[in-house]
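Examining the three-dimensional arrangement
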Amino acid sequence: MKALTLSAFDQEPSVIEVDDPVAGSGEVLVRVAAASINAFDVTVASGAARAFMTYEFPAVIGGDLAGTVEATGEGVASFAVGERVFGMMGMKGAVHDGSFGEFATPTAASIAKAPEGLRDVDAGSLAVAGTTAMSAIDMVAPDEGTTVFVLGATGGVGSFALQLARTRGAHVIASVRPGDEEFVTDLGATETVDYTGDMTADIKERYPDGVDAVVDAVTSGGEAFGAVADLVRDGGTLVSTRGAAGEATEIGAVGVGNANGNPTHLPTLADLVVSGRLEVPVRKTYPLADAAQAIADFAEQHTVGKLVITM
């Protein structure tokens, strides 16, 4: 098959022919229709993930996917050949099997059946960012009138998080750079704040007692994460989608934690999309032949919404 592959650490990722994958125990062979790019895919493509993961070359890149079941591995009874599915690759133990190719072998536990009305390009964009965002909003548990500040609101996780918060009645503040305001307000943000200026001072001026919660899809940790906690009222919640909280559960009087992707959220997300309550903000699609350019665009350009590779 053709796939976007990293063949060595001193090479750029490229679309080449590799052996067709075979579904192992607990896996499903999927003919991929669409797969979106996430920040982690850029880390893998650059070779930087070797700091904490093993690579087995040739390493196919990609985590999200949507497509059709071609075969099932041993022990898989929940899916049948011909069914449309979507989700993520799941834990593979090494960088080798990915979704940016004509076929992929996700774990059965990491995918779900795609309902009628869910487009492949949307389904292939939901798993990593969408389930992470839903995990974050579940931790925040907003209700009517809760003020939720989404830091990184124009990215994949943030654009889903702000919408999910709005479905629960929250007042959502979205961080943007000038020119991106319409993107987030169309998704439901109540107000915006310019992150290229003195964002902290701006939020504190508007909310001197602090906001109720922050979903942080930007900060990697350290003092910067503590500064974000200063924007939250005592008793409020700060959730990182980048692991910035580490092992901490509190910073001062603010509860903190990390949100991760969870495939159990997939059916709920799909239902929200089909019912029109959640928009998948696909900004551009690329054919598989241009997948390396898609990765480069994600890494080098100001990415708003989702970039998707179609097979």
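Structure: above.
Residues numbered from 1 in each chain as written. Predicted model: local features only at pLDDT ≥ 70, side-chain atom pairs only at ≥ 80, totals over all residues. Heavy atoms only, no water.

Turning to the sheet that holds strand 14 (residues 250–251), a few remarks are in order. Across the sheet, which stays open at both edges, the 7 strands sit in the order 11-10-9-12-13-15-14 with mixed pairing between neighbours. Among the strands making up the open sheet, the edge pair consists of strand 11 (191–194) and strand 14. In the sheet, strand 10 (residues 171–176) pairs with strand 11 via 4 bridges, with the strands oriented parallel. Counted as the bridge partner of Ile173 is Glu191 from strand 11. Along the sheet face, helix 7 (residues 222–229) touches strand 9 (147–151), strand 12 (211–216), strand 13 (232–240), strand 14 and strand 15 (254–258) and points at about 135 degrees away from the line of strand 13. (Pairing = 2+ DSSP bridges. Helix = DSSP H or I, 4+ residues; strand = E, 2+ residues; numbered from the N terminus. Contact = heavy atoms within 4.5 Å. Axes fitted to C-alpha atoms, helices over the stretch in contact; angles between N-to-C directions.)

Turning next to the nonpolar core. Core analysis: the largest hydrophobic core is formed by 44 residues, its most contacted members being Phe86, Leu118, Leu126, Leu162, Leu164, Val184 and Leu278. Of all the elements in the fold, those that place two or more residues in this core are strand 6 (84–88), helix 3 (127–140), strand 9, helix 4 (156–167), strand 10, helix 5 (181–187), strand 12 and helix 8 (266–274). Per-element tally for this core: the top contributor is helix 3, with 7 residues. In contact with Leu164, not counting residues within four places along its chain, are Gly130, Ala133, Met134, Ile137, Leu269, Leu272 and Leu278. Membership of the second largest hydrophobic core comes to 33 residues, among which are Phe79, Ala108, Ile295 and Ile309. (Core = buried A, V, L, I, M, F, W, Y, C linked by side-chain atoms within 4.5 Å. Buried < 20%, exposed > 50% of the residue type's maximum accessible area, 1.4 Å probe, protein only.)

A separate point is the packing of aromatic side chains. Aromatic ring pairs are described here by two measures, namely the spacing of the ring centres and the angle between the planes. As enumerated under the stated definition, the model contains 4 aromatic pairs in all. Between Phe9 and Tyr55, the ring centres sit 4.9 Å apart and the planes meet at 75 degrees, which makes this aromatic pair edge-to-face. Within this pair, whereas Phe9 is found in the loop between strand 1 (2–6) and strand 2 (14–17), its partner Tyr55 is found in the loop between helix 1 (39–46) and strand 4 (59–60), the two being separated by 46 residues in sequence. You can call Tyr55 buried: its relative accessible area is 10%. (Phe/Tyr/Trp six-rings, centres within 6.5 Å; stacked < 30°, edge-to-face > 60°.)

Working note: a packed helix pair is described by the angle between its axes plus the distance between those axes. For the pair helix 3 and helix 4, the least separation of the axes is 8 Å and the interaxial angle reads 45 degrees. By the angle class used here, helix 3 and helix 4 are oblique. When the axes of helix 3 and helix 4 are compared, the crossing they make is right-handed. On the side of helix 3, the interface is formed by Ala129, Gly130, Thr132, Ala133, Met134 and Ile137, while helix 4 contributes Gly156, Val157, Phe160, Ala161, Leu164 and Ala165. Looking at side-chain class alone, the contact of helix 3 with helix 4 contains 9 nonpolar, 3 polar and no charged residues. (Parallel < 35°, antiparallel > 145°, perpendicular 65-115°, else oblique. Left-handed = near helix turned anticlockwise from the far one by under 90°. Nonpolar A, V, L, I, M, F, W, Y, C, P; charged D, E, K, R; others polar.)

Size it by volume and the largest pocket reaches roughly 1800 Å³. Around the largest pocket, the lining is made up of 50 residues, and of these Asn38, Ala39, Phe40, Asp41 and Val128 lie nearest the centre. The set of elements that each furnish at least two residues to the lining of the largest pocket consists of helix 1, helix 3, helix 4 and strand 17 (306–310). For the lining of the largest pocket, the leading source of residues is helix 1, giving 5 residues. Each residue belonging to the lining of the largest pocket can be placed in one class, and the counts come to 23 nonpolar, 22 polar and 5 charged. Here the second largest pocket defines a volume of roughly 160 Å³. As for the second largest pocket, its lining consists of 13 residues, and the residues nearest its centre are Asp19, Pro21, Val60, His96 and Asp97. (1 Å grid on protein atoms, 1.4 Å probe; cavity = no way out; pocket = protein on both sides within 12 Å on 5 of 7 lines; lining within 4 Å. Points joined across faces, edges and corners; volume = space filled by probe spheres on them.)

Let's shift gears to the pairing of strand 16 (residues 282–287). Here 5 bridges tie strand 16 to strand 17, and the two strands are oriented parallel to one another. Paired with Thr285 across the bridge in strand 17 is Val308.

Our next topic: unusual backbone geometry. Cis rather than trans, the peptide bond between Phe57 and Pro58 has omega equal to -5 degrees. Residue position: Pro58 is located in the loop between helix 1 and strand 4. Positive phi, normally seen in glycine, also occurs at Ala141, with a value near 50 degrees. By the secondary structure assignment, Ala141 is in the loop between helix 3 and strand 9. Judged by its relative accessible area of 48%, Ala141 is partly exposed.

Without other data, these values stay purely geometric and don't point to any function.
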